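Spelled out, the chains give:
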Amino acid sequence: MERNTKLWIALVVVITGAFSLLGFFGREVYRQAPPIPERVVTSSGELLMTRESILDGQQVWQSIGGQQVGSIWGHGAYQAPDWSADWLHREATTLLGIWAEQDGLGPLEEIDPVTRASLEARLQQELRTNHLDSESGTLEVSADRALASQIVRSHYSALFGGDSSLDDLREDYALHDDAILDPERLDSLSDFFFWTSWACVTERPGQSYTYTNNWPHDPLVGNQPTSDNILWSILSIALLLLGVGGMVWFYAAQREEEPPATPEQDPLSKFALTPSMRAVGKYMVVVIALFVVQVGLGAVTAHYTVEGDSFYGFPLAEYLPYAVTRTWHIQTAVFWIATAFLGAGLFLAPVIGGSEPRGQRLGVNVLFGALLLVVTGSLAGEWLSIHQMLGLDAGFWFGHQGYEYVDLGRFWQIALFGGLLLWLFLMIRAILPAFTRKGGNRQIIALFSGSVVCIGLLYGAGLLYGARSNLAVAEYWRWLVVHLWVEGFFEVFATGVMAFLFSTLGLVRMQSATRAFIASTAIFLIGGIPGTFHHLYFSGTPISITAIGATFSALEVVPLVLIGFEALTTIRMQQRAGWMRRYRWPLRFFVGVAFWNLVGAGVFGFLINPPISLYFAQGLNTTAVHAHTALFGVYGLLSLGLVLWVLRRLTGERPWRETPLAYSFWAMNIGLGLMVVLSLLPVGVLQAIASVDVGLWHARSAEFLQSPLLETFRWLRIVGDTVFLSGVGSLVWFVVGLRSGWSYDDRPAPVDALPAIGASN
């Protein structure tokens, strides 16, 4: 312990300081969130909407899928418009048209440039001036703006209400015909959209930028990048270069140690499988099953971008509209990746502790049943909510919360949190005996246990906002779940698994593994924790959030620069001993993780990370590039590697017939690459150009997205999808073969090596 004292002190300082920043500036998110007016009235006193109707509209938006149907403030799905940007531009052009008609100037496109410039200056003065009375909470708008808003409201009522005149536009948006049939809900939805766009164009008191820091880009209303936006982008790039230089220098200064003597046989084979470890087998089956469902839903969702109301002519959207398939696609991804991590942890816990606690198998089975209940119940609730079969409050609790990655209803969210607490209990009780043994790798186990605690508790951040919380506040807590729970401490957990396994197997020295684990965790978290704010640059947060997010999130990329060393080290592991060949394919999947960590999380992540980049690209398919390559490329492959490691242990010494695994590995990686290169990246780049040249509203419009060139690129995605799906099929074939026998090289032997798979242990 003494030899690593400085590292432990550094880690404690990093975690304490990083969470302090997260908490302090989180308070600023609350304090400076865009205000919701108590009343919106015209200059003559006519009541247009109230705070309650705006919040009702927020719940209506949540009930139809929320961020799975277009986006708000850039967060959400990419097929339909960003509703805040779309409403803002429609309101602005409508208001210009009203003034042009009043002044007898004729159609807008025929007005001479000088006169139009005068109208646009008047427009910016009208829209950007903050007319909210902070004492009474009353927002006053002019009669002309009220009329413009009413015209836009009529468009949205027709769009979401199923008016047949907008059938083609709904098909372009992949919006189902009966999205909202209740007229009162339609009115409330428009109230909510008005407020979100008002926050985008209204300047903060005493400032020259809006509540969303001048996002979205729309020169018509004066929304241009702020000087702070540009300044912090430059500083983030400079800090990245400094961090990379420091990391390279640090690694160059390290003295390479001789590897330890390799054991003649697998040390893990000395630990007999316990009942709870065998019971984990069915977790792995569910992981593969959910993975299949998730990629199938992804293929359907991708097809909806070119044929928004059917699947190759079949009216599938009548039963499973885009909002449902995209919700389920993302939710099942979270479910199978989380299940893989939870299962791997439960499988490893008795090995770490050295024995199996009494009743551990029962706990593993109870948790398995709870996970199945949450999965099936939440997916069913989301379907019911999107089809408007639940009330607004019931929809939030049992249906759809409307927020990407935490879509499941609050009841199911609480149930999942309870399951995570049960998992935390099962893990800690199994690991605790390791702390009483002399020697061993207690430092690794201590840090690993800390990551287990964080995984169990941090998901609870998603319970700290409500259905009617200010959208900026809800986004703060949502990203704590998405970024810290998934991208943060799952990564620390995975690093701990690797450190424990490699040191236990005798492939690296225990002291080296310990130092590397502590140091890498500190380096990752110093940027990863406050770097959460890079998701919130334009979500109704103050400029201080941009400063913190840009500064620290740049540091997240630093450890990824030398990820190749990790990959090379992992490859060398399998060459250290003959018995290591049994772990060849789990290790290959970990090497794939290293590659996509650099490309998906590093390159494509930093592509949209600086504020000036995200200002133009937020809500475009450039984000989808990062999401696919990081979520599947890193966490997906890591989860599948853990699954294969567990299956390798469950199948004992029997040699695998590995050809299907080889094909699966290469097909999924090549398919993911083709998906990005042939489709997602070109679409995202073209959208970014359109956003810079014209405005974000145009980059997300049906007119742009349904152009022949964009349609072609979206159709090309089928190439990568087909290759990827063939790899998934090969993986399923292999896993089924572990039960039926065709995935072994000793096929004449009795097929009884995998009793846990599919069994009711």
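The sections below set out a description of the structure shown in this document. (Residues numbered from 1 in each chain as written. Predicted model: local features only at pLDDT ≥ 70, side-chain atom pairs only at ≥ 80, totals over all residues. Heavy atoms only, no water.)

## So, the overall build of the protein
Point 1. When its secondary structure is counted, the protein shows 26 helices and five strands.
Point 2. Taking 27 Å as the expected radius of gyration for a compact globule of 761 residues, we find that the protein reaches 27 Å, a close match to that expectation.
Point 3. When the backbone C-alpha atoms are referred to their principal axes, the protein occupies close to 90 × 55 × 45 Å.
Point 4. Per-residue burial for the protein yields a buried fraction of 61% across its 761 residues.
Point 5. Taking all contacts inside the protein whose residues are at least 6 apart in sequence as the whole, residues at least 24 apart take part in 78%.
Point 6. On the protein, roughly 28,100 Å² of surface is accessible, and the fraction owed to carbon and sulfur atoms is 64%.
Point 7. Where the 46 positive side-chain charges of the protein centre and where its 61 negative ones centre are 20 Å apart. (Helix = DSSP H or I, 4+ residues; strand = E, 2+ residues; numbered from the N terminus. Rg over C-alpha atoms; globule rule 2.2 N^0.38 Å. Buried < 20%, exposed > 50% of the residue type's maximum accessible area, 1.4 Å probe, protein only. Contact = heavy atoms within 4.5 Å. Areas by Shrake-Rupley, 256 points an atom, 1.4 Å probe, with all protein chains shown as cover. Lys, Arg positive; Asp, Glu negative; His and termini not counted. Charge placed at Lys NZ, Arg CZ, Asp CG, Glu CD.)

## As for the side chain of threonine 202
Point 1. Considering the arrangement of structural elements, one finds threonine 202 in the loop between helix H7 (183–201) and helix H8 (227–253).
Point 2. A distance of 2.7 Å separates a polar atom in the side chain of threonine 202 from the backbone oxygen of tryptophan 198.
Point 3. With residues near it in sequence (within four places) discarded, threonine 202 still touches Leu127, Arg128, Thr129, Asn130, Tyr209, Thr210 and Tyr211. (Polar contact = N/O pair within 3.5 Å; in protein donor to acceptor, adjacent residues only side chain to side chain.)

## Here we look at the pattern of salt bridges
Point 1. Counted according to the given criterion, the structure contains 17 salt bridges.
Point 2. A salt bridge links glutamate 28 to arginine 27, with the nearest nitrogen and oxygen atoms 3.3 Å apart.
Point 3. The residue arginine 468 makes a salt bridge to aspartate 56 at a minimum N-O spacing of 2.8 Å. Highlighted residues: arginine 468 in the loop between helix H15 (442–458) and helix H16 (471–504) and aspartate 56 in helix H2 (residues 51–63), separated in sequence by 412 residues.
Point 4. Several salt bridges converge on common partners, so that one network encompasses Arg27, Glu28 and Arg31. (Salt bridge = Lys/Arg side-chain N within 4 Å of Asp/Glu carboxyl O.)

## Focus on the environment of valine 728
Point 1. The topology assignment puts valine 728 in helix H26 (residues 708–740).
Point 2. Spatially, the C-alpha atom of valine 728 lies 9.1 Å from that of isoleucine 288, the residues being 440 residues apart in sequence.
Point 3. The residues contacting valine 728, other than those within four sequence positions of it, are Phe291, Val292, Val295 and Met668.

## Overview of the packing of helix H12 (residues 360–386) against helix H14 (residues 410–431)
Point 1. Between H12 and H14, whose axes approach to 10 Å, the crossing angle comes to 160°. The angle between the axes of H12 and H14 places the two elements in the roughly antiparallel class. The chirality of how H12 crosses H14 is left-handed. Contact residues: H12 offers Gln360, Gly363, Val364, Val366, Leu367, Leu371, Leu373, Val374, Gly377 and Ser378, while H14 offers Trp412, Ala415, Leu416, Gly419, Leu422, Trp423, Leu426, Arg429 and Ala430. (Axes fitted to C-alpha atoms, helices over the stretch in contact; angles between N-to-C directions. Parallel < 35°, antiparallel > 145°, perpendicular 65-115°, else oblique. Left-handed = near helix turned anticlockwise from the far one by under 90°.)

## Here we look at the sheet that holds strand E2 (residues 47–50)
Point 1. Strand order in the open sheet formed by three strands is E2-E1-E5, with mixed pairing between adjacent strands. Only two strands of the sheet have a single partner each, and these edge strands are E2 and strand E5 (138–141). Each strand of the sheet is rotated relative to its neighbour by a mean of 20°, with strand direction disregarded.
Point 2. Pairing analysis gives four bridges linking strand E1 (residues 39–42) to E5, with the strands arranged parallel. Note on E5: the bridge partner recorded for threonine 42 is valine 141.
Point 3. This element, H7, spans E1, E2 and E5 of the sheet and lies at about 85° to E5. (Pairing = 2+ DSSP bridges.)

## As for unusual backbone geometry
Point 1. The omega torsion of the bond from tryptophan 215 to proline 216 falls at 5°, within 30 degrees of zero and hence cis.
Point 2. Unlike most non-glycine residues, tryptophan 73 shows phi in positive territory, near 55°.
Point 3. As for its placement among the helices and strands, tryptophan 73 is situated in the loop between strand E3 (71–72) and strand E4 (75–76).
Point 4. If you check the backbone angles, glutamine 388 has positive phi at about 60° while not being a glycine.
Point 5. Its location among the elements puts glutamine 388 in the loop between H12 and helix H13 (392–399).

## Structural notes on the packing of aromatic side chains
Point 1. According to the stated counting rule, one finds 43 aromatic pairs in the structure shown.
Point 2. Considering the side-chain rings of tryptophan 61 and tyrosine 403, the 5.8 Å spacing of their centres and the 80° angle between planes classify their relative orientation as edge-to-face. In this pair, tryptophan 61 sits in helix H2 while tyrosine 403 sits in the loop between H13 and H14, placing the two residues 342 residues apart along the sequence. Like tyrosine 403, tryptophan 61 is buried.
Point 3. Taking 5.7 Å as the distance between ring centres and 75° as the angle between the ring planes, the aromatic pair formed by phenylalanine 538 and tyrosine 615 counts as edge-to-face. One end of the pair, phenylalanine 538, is in the loop between helix H17 (510–528) and helix H18 (543–556); the other, tyrosine 615, is in helix H21 (residues 611–617), with 77 residues separating them in the sequence.
Point 4. A relative accessible area of 1% places phenylalanine 538 in the buried class.
Point 5. Sitting above the plane of the tryptophan 479 ring, arginine 478 keeps its charged end 4.5 Å from the centroid. (Phe/Tyr/Trp six-rings, centres within 6.5 Å; stacked < 30°, edge-to-face > 60°. Lys NZ or Arg CZ within 6 Å of the ring centre and 35° of its normal.)

## Some details on the environment of aspartate 693
Point 1. If you trace the backbone, aspartate 693 turns up in helix H23 (residues 659–693).
Point 2. Given a relative accessible area of 59%, aspartate 693 falls into the exposed group.
Point 3. Sequence separation of aspartate 693 and phenylalanine 616 is 77 residues, and the distance between their C-alpha atoms is 9.8 Å.

## Remarks on the nonpolar core
Point 1. Residues Trp83, Phe160, Phe193, Phe291, Phe448 and Trp485 are the most contacted members of the largest nonpolar core, which totals 227 residues.
Point 2. At 24 residues, H16 tops the list of elements feeding residues into this core.
Point 3. For phenylalanine 160, the contacting residues outside a window of four places in its chain are Ile64, Trp83, Leu175, Asp177, Ala179, Ile180, Leu186, Leu189 and Phe193.
Point 4. Membership of the second largest hydrophobic core comes to seven residues, among which are Ala77, Val300, Leu316 and Tyr322. (Core = buried A, V, L, I, M, F, W, Y, C linked by side-chain atoms within 4.5 Å.)

## Let's talk about the packing of H16 against helix H22 (residues 621–650)
Point 1. With their axes 12 Å apart at the nearest point, H16 and H22 run at an angle of 35° to one another. Like other packed secondary-structure pairs, H16 and H22 cross with a definite hand, here left-handed. On the side of H16, the interface is formed by Val486, Glu487, Phe490, Glu491, Ala494, Val497, Met498 and Leu501, while H22 contributes Val634, Tyr635, Leu638, Leu642 and Trp645.
Point 2. Class assignment of the residues belonging to the contact of H16 with H22 gives a composition of 11 nonpolar, no polar and two charged. (Nonpolar A, V, L, I, M, F, W, Y, C, P; charged D, E, K, R; others polar.)

## Brief notes about a nonpolar patch on the surface
Point 1. Where nonpolar side chains cluster on the molecular surface, the patch consists of Tyr312, Trp715, Leu716, Ile718 and Val719 and spans about 450 Å² of accessible area.
Point 2. Among the secondary structure elements, leucine 716 is positioned in helix H26.
Point 3. Using a relative accessible area of 32% as the deciding quantity, one classes leucine 716 as partly exposed. (Patch = residues over 30% accessible without salt bridge, like charges linked within 9 Å, V, L, I, M, F, W, Y side chains within 5 Å.)

## As for helix H11 (residues 322–353)
Point 1. For H11, with 32 residues, the first-to-last C-alpha span of 46 Å sits near the 46 Å given by 1.5 Å per residue.
Point 2. Most pronounced at phenylalanine 347, the bend in H11 amounts to some 25°, and the proline proline 350 follows within four residues.
Point 3. Counting buried residues along H11, 32 of its 32 residues qualify, which places the element largely inside the surrounding structure.
Point 4. Glycine 354 lies just past H11 and shows a positive phi near 90°. (Expected span 1.5 Å × (residues − 1). Bend = angle between axes of the 7 residues up to and from the residue.)

## Brief notes about the pairing of E1
Point 1. Sheet analysis places E1 next to E2, joined by three bridges and oriented antiparallel. Residue pairing for E2: valine 41 is matched across the bridge by leucine 47.
Point 2. Between E1 and E2, which pair antiparallel in sequence order, lie four residues; one of them, glycine 45, sits at a positive phi of approximately 95°.

## Overview of H15
Point 1. Here H15 spans 24 Å end to end across 17 residues, near enough to the 24 Å set by a 1.5 Å rise per residue.
Point 2. Listed as buried for H15 are Gln443, Ile444, Ile445, Leu447, Phe448, Ser449, Ser451, Val452, Ile455, Gly456 and Leu458.
Point 3. Taken together, the buried residues of H15 touch helix H1 (5–31), H11, H14, H16 and H17.

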